[in-house]
Amino acid sequence: MQLTDFFTDYTLRTITLGTAILGAICGMLGTFAVLRKQSLLGDAISHAALPGIALAFLITGIKDANVILIGALISGLVGTFWIKGIVKRTRLKSDTALGLILSLFFGFGMLLLTFIQKMPNANQAGLDKYLFGQAATLVEEDVWIMAVVTGVSLLVLLLFWKELKLLLFDADYTKTLGFNTRFLDILITTFIVLAIVLGLQTVGVVLMSAMLLAPAAAARQWTNSLGVMVILASIFGAFSGVFGTAISAGQNNLSTGPVIVLVAAAFVIVSFVFSPGRGLLFREIRFRRNRRELHLKKTLTFMYNIAKNHENVSHPHAIRILNNFQGFTRKTLTKLEEKQFIQIQGSAWAMTEKGYIEAESIFNQIGKDND
Amino acid sequence: MTNAQIEIQVIAALVAVACALPGTFLVLRKMAMISDAISHAILPGIVLGFFITQDLNSPLLILLAALTGVVTVMLVEFIQKTGLVKEDTAIGLVFPALFSIGVIMIAKNANDVHLDIDAVLLGELAFAPFDRLLISGTDMGPKSLWVIGTILLISVVLLFLFFKELKLSTFDKGLATTLGFSPVILHYGLMTVSSVAIVGAFDAVGAVLVVALIIAPAATAYLLTDDLKRMLLLSCLFGVISAIAGYWMANILNASIAGSMTTVLGILFLSAYLFSPKQGVLSGFFRERQQRVEVSLLIFLLHLQNHTEEAERHVNHLREHINWQKVRAKTVLELAAKNNLIHTAKDIVSLTDKGQEFTDEALKYITTNKATAIEELKERFFLFRG
């Protein structure tokens, strides 16, 4: 497979374009799901869409992608609002409600699917591609639908940007300002459901939630601005789609869904570790630097306590007397000498004038903090 | 019923009970979704174990998979502790990734007939009776019956041994810790038992439907009772019902057993959701209506008490004054009359002695708001509720 295949080969181009668009819309809307603490809602919705797929086929008897999409959309929405109903009307908490709807709907969907498979009608083959997704079945029409939905949701996001942003970060304030929070809530939830349903054919019911979460979780690590996060998440999503498709197209026997999810997971891991602001690596580096600095100051104050008892601050002392003090290491001493706070002669150290002043100010600072 | 049919139903029932026991505690501890994470994330462990042992029922495979489950929980908790993402996001990130690895591992070795994607999602309950346990040539019954039976036995023994500790740490974590029960050990103990139960059930019902067996019986029972022991018993009962009814439903429809079991659980939950006497949607609706009428009644009585002049107490005037619609006004008036709180003479309404007493006490309650006795007050004075 050549790189140029992606631009010349019709099927491959369609698929790549499709997964890229899908990744972008998932990243965009996933940002809202993650920030609204509805990460697992995506998981529930995608599973809840399965009976809709089966019922749409059972009722119409045709395997048209659009009909099935509508079925999935309806059943996804029913699941979503039932989850809200359970949380609101009973004492069951949201995690239980999510797990319930997810598994019950999926089980019912599987019942219908196995029922369909045993029917004499031979037309049904291929419904199970919705379980793990098969990007290879994407045709140009599907890509067009994705593009249109992405365009519409982008438009809606831009139109309601201010309101949605406010709702994300301070729902109560939004309400007091007179915005219809219920409407906004339904609006964003509906679009999230729509994005999930769109991805079912490509990524599949089981793994769709990761497609929604991973790009947003990765993007969150690089920025604190909602706008930047949406854009970054879309880019991450699109790249996961493209890379995932490329990898799974080059191998036999690989469903696209799992590969795309793993690529997205790689984005998440890299972001978790290497993001400069929040990443684990830089956090550890900062942590160590702070600790070293603290040790330096501790050693210096200890020296100050010894030196201030002498008329001449630069009176040399043996390094040995620092031994019963834990903070000092050879490295700290060299560092202190580099900064010209002390002078080291053989096995003795002496405080310089500069070091004395510095230490005095630290000492006074500590005294003040303790007051 | 043939022997195989009975065996399938027994296995299904045991699986359901083994899942329902830890499920009850998971639901009460608000950790239901962790079962979803475990059930997906054990897939790589199962596949790996299968490559080593070539037997889905081997104890090594079960241990390996259960270990993967516990590792998943730790991984989720590690990500939560870094504070990089919110906690539910951590769950949502970990399990799809691990599940994907498992799926790819299966796909890359697709020549294996015993472990395919369908089995992962649906289990192979229907084939369970064919894999027999032979000890020196004697048929001891299906292997999976022994596996799930052992798992169930262990969890029941653990449940009896640590019931008090589990109960305490579920409902009052702080107190349990002060009393010296390590929350960490209990937490990971529960996680281990859940993982083992999920692995045992995985073979029978598949990755996603395990979640239904864990959550649905417990959630349904939680809508019906406030007592932990009764909740455990009820959820086991629902599990068994779903196993037997699910089997026959699958038989009739010629569909997947696991799918039918879940559907039966869905029907059970829906019934409890709608009709549960205390928690149900319908009873909630009626309670709300009753309370609305009774609050109206109280307002009405207070109004009567405030006005001694006859003009203010005329039936028609009341309707205008408190601004009620005709039907509502009528309901309230009738309720008050039925309870002997008012009497009407020539369309002038006035309080009876009993009404006067009730209103005084209610007023005292409302102004001081110290006693929580308004319900008790209503019980004492009302012959009929709204």
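Residues numbered from 1 in each chain as written. Chains lettered and ligands numbered in written order. Predicted model: local features only at pLDDT ≥ 70, side-chain atom pairs only at ≥ 80, totals over all residues.

Description of the environment of Asn 252 of chain A
Residues and elements named next belong to chain A.
Then step 1. Structurally, Asn 252 can be placed in the loop between α12 (226-249) and α13 (256-274).
Then step 2. A count of 8 C-beta atoms within 10 Å places Asn 252 in the exposed class.
Then step 3. Spatially, the C-alpha atoms of Asn 252 and Lys 165 are 44 Å apart, while their sequence positions differ by 87 residues. (Helix = DSSP H or I, 4+ residues; strand = E, 2+ residues; numbered from the N terminus. Buried ≥ 20, exposed ≤ 12 C-beta atoms within 10 Å, placed from the backbone.)

A short note on helix α4 (residues 65-89) of chain A
Then step 1. With 25 residues, α4 of chain A should cover 36 Å at 1.5 Å per step; its first-to-last C-alpha distance of 36 Å lies within 8% of that length.
Then step 2. If you check which residues of α4 of chain A are buried, you get Ile 68, Leu 69, Gly 71, Ala 72, Leu 73, Ser 75, Gly 76, Leu 77, Gly 79, Thr 80, Ile 83 and Ile 86 of chain A. (Expected span 1.5 Å × (residues − 1).)

A look at the interface of chain A and chain B
Then step 1. Contact with chain A, which involves 50 residues of that partner, is made by 53 residues of chain B.
Then step 2. Counting only elements with at least two residues in the side of chain A that touches chain B, the list comes to α3 (39-60), α4, α5 (94-117), α6 (129-132), α11 (208-220) and α13 of chain A.
Then step 3. With 15 residues, the single largest contributor to the side of chain A that touches chain B is α5 of chain A.
Then step 4. Grouping the amino acids of the side of chain A that touches chain B by side-chain chemistry returns 29 nonpolar, twelve polar and nine charged. (Contact = placed C-beta atoms within 7 Å. Nonpolar A, V, L, I, M, F, W, Y, C, P; charged D, E, K, R; others polar.)

A few points about the nonpolar core
A general tendency of soluble globular proteins is for nonpolar side chains to be buried together.
Residue and element names in this part refer to chain B.
Then step 1. Counting 200 residues, the largest nonpolar core has Ala 12 and Val 15 as its most contacted members.
Then step 2. In this structure, Ala 12 is in contact with Leu 125, Ala 204, Ala 243, Gly 246, Tyr 247, Ile 257 and Met 261, ignoring residues within four places of it in sequence.
Then step 3. Within the second largest apolar cluster, 13 residues are counted, among which are Leu 297, Phe 300, Ile 342 and Val 349. (Core = buried A, V, L, I, M, F, W, Y, C linked by C-beta atoms within 7 Å.)

Things to note about the domain arrangement of chain A
Quoted interface sizes are often the accessible area lost when the parts come together.
Then step 1. Split into domains, chain A comes out as domain 1 (5-278) and domain 2 (291-370).
Then step 2. Taking only C-alpha atoms, the centre of domain 1 of chain A and the centre of domain 2 of chain A are 60 Å apart. (Domains from an automatic or database assignment.)

A look at the pairing of strand β2 (residues 138-142) of chain B
All names here are of chain B.
Then step 1. Relative to β2, strand β1 (residues 132-135) runs antiparallel, the two sharing three bridges. Bridging across to β2, Arg 132 finds its partner in Pro 142.
Then step 2. Two successive antiparallel strands, β1 and β2, enclose a turn made up of two residues, where Ser 136 displays a positive phi of approximately 40°. (Pairing = 2+ DSSP bridges.)

Re the pairing of strand β4 (residues 348-351) of chain B
Residue and element names in this part refer to chain B.
Then step 1. Here four bridges tie strand β3 (residues 342-345) to β4, and the two strands are oriented antiparallel to one another. Counted as the bridge partner of Ala 345 is Ile 348 from β4.
Then step 2. Where β3 hands over to β4, the hairpin turn is made up of two residues, of which Lys 346 adopts a positive phi near 50°.

Comments concerning the sheet that holds strand β2 (residues 342-345) of chain A
Residues and elements named next belong to chain A.
Then step 1. One open sheet holds the three strands; their spatial order is β1-β3-β2, and the pairing between them is antiparallel. Looking at the sheet topology across the chains shown, the edges are occupied by β1 (317-318) and β2.
Then step 2. Sheet topology places β2 next to strand β3 (residues 348-351); four bridges connect them, and they run antiparallel. What sits directly across from Ile 344, in β3, is Trp 349.

Topic: the packing of α4 of chain A against helix α10 (residues 181-203) of chain A
Residues and elements named next belong to chain A.
Then step 1. Between α4 and α10, the shortest axis-to-axis distance is 9 Å and the interhelical angle comes to 135°. For the element pair α4 / α10, the angle class is oblique. Our pair here, α4 against α10, has a crossing hand that is right-handed. The segment α4 lies against α10, with Ala 65, Leu 69, Ala 72, Leu 73, Gly 76, Leu 77 and Thr 80 engaging Thr 189, Thr 190, Val 193, Leu 194, Ile 196, Val 197, Leu 200 and Gln 201.
Then step 2. Class assignment of the residues belonging to the contact of α4 with α10 gives a composition of ten nonpolar, five polar and no charged. (Axes fitted to C-alpha atoms, helices over the stretch in contact; angles between N-to-C directions. Parallel < 35°, antiparallel > 145°, perpendicular 65-115°, else oblique. Left-handed = near helix turned anticlockwise from the far one by under 90°.)

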